[in-house]
Amino acid sequence: MYKKILVPTDGSDFAKKAQQHALFLAKVSGAEIIAVSVTENNFVNGLPLDDEVYQLNQILKERSEENLNEFDKLNKDNIKITHEVREGSPAKVILEVAKEEAVDLIVMGSSGKSGFDRFIMGSVADKVVNSAKCAVLVVH
């Protein structure tokens, strides 16, 4: 049923649960997985591009790579997993990758945000669910 499954990861417990679901679905359907980790660095906009900002961006990219490598460790069935590290707004990047790769399913963790934070920022999962052109499974 599924050929390509997109799995965004940020290293959170919710993302790890989603990864387990995605691996199971990929195994039973024969799908490949595209794992994406988004480096959200818009907080540095307007700051001078000095060495500290560069180092911070490098640390964020390394953390994204680590999240993807942790996902690989869960892959006991040798399912094909392609890594993508992108910069930008998480929901926007997830939707862009889903379109570019023509994925059949997005499997992602819920944000776990509630109350005021959710009101102000909105949930990445909510934004993806409301805008995706494919099926979305949100794991809590």
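Just so it is clear, the model here is predicted, and its values are computed rather than measured. (Residues numbered from 1 in each chain as written. Predicted model: local features only at pLDDT ≥ 70, side-chain atom pairs only at ≥ 80, totals over all residues. Heavy atoms only, no water.)

A.B. asks: Would you mind showing me how to read the overall build of the chain here?
C.D. replies: Across its full length, the chain carries five helices and five strands. Each helix and strand of the chain, placed in order from N terminus to C terminus, yields the pattern β-α-β-α-β-α-β-α-α-β. Across the chain, the fraction of contacts at a sequence separation of at least 24, relative to all contacts at a separation of at least 6, is 74%. Within the structure as shown, the chain displays about 8,400 Å² of accessible surface, and the carbon and sulfur contribution to it stands at 52%. (Helix = DSSP H or I, 4+ residues; strand = E, 2+ residues; numbered from the N terminus. Contact = heavy atoms within 4.5 Å. Areas by Shrake-Rupley, 256 points an atom, 1.4 Å probe, with all protein chains shown as cover.)

A.B. asks: Quick question: what am I supposed to make of the side chain of S110 here?
C.D. replies: Considering the arrangement of structural elements, one finds S110 in the loop between β4 (105–109) and α4 (115–121). Reaching out from S110, the side chain makes a polar contact with the side chain of H140 at a distance of 2.7 Å. Other than its neighbours up to four places away in sequence, S110 contacts F14, A125, V138, V139 and H140. (Polar contact = N/O pair within 3.5 Å; in protein donor to acceptor, adjacent residues only side chain to side chain.)

A.B. asks: Please clarify how the pattern of salt bridges should be interpreted in this entry.
C.D. replies: A side chain of one charge can pair with a side chain of the opposite charge if their charged atoms are brought near each other. Throughout the structure, instances matching the rule amount to seven salt bridges. One salt bridge connects E101 with K4, and the closest N-O pair in it is separated by 3.3 Å. Here E101 is found in helix α3 (residues 90–101), whereas its partner K4 is found in strand β1 (residues 4–8), with 97 residues between them in sequence. Judged by its relative accessible area of 23%, E101 is partly exposed. According to the relative accessible area criterion, K4 is partly exposed, its value standing at 23%. (Salt bridge = Lys/Arg side-chain N within 4 Å of Asp/Glu carboxyl O. Buried < 20%, exposed > 50% of the residue type's maximum accessible area, 1.4 Å probe, protein only.)

Remember, this is a structural readout, not a statement about activity or role.
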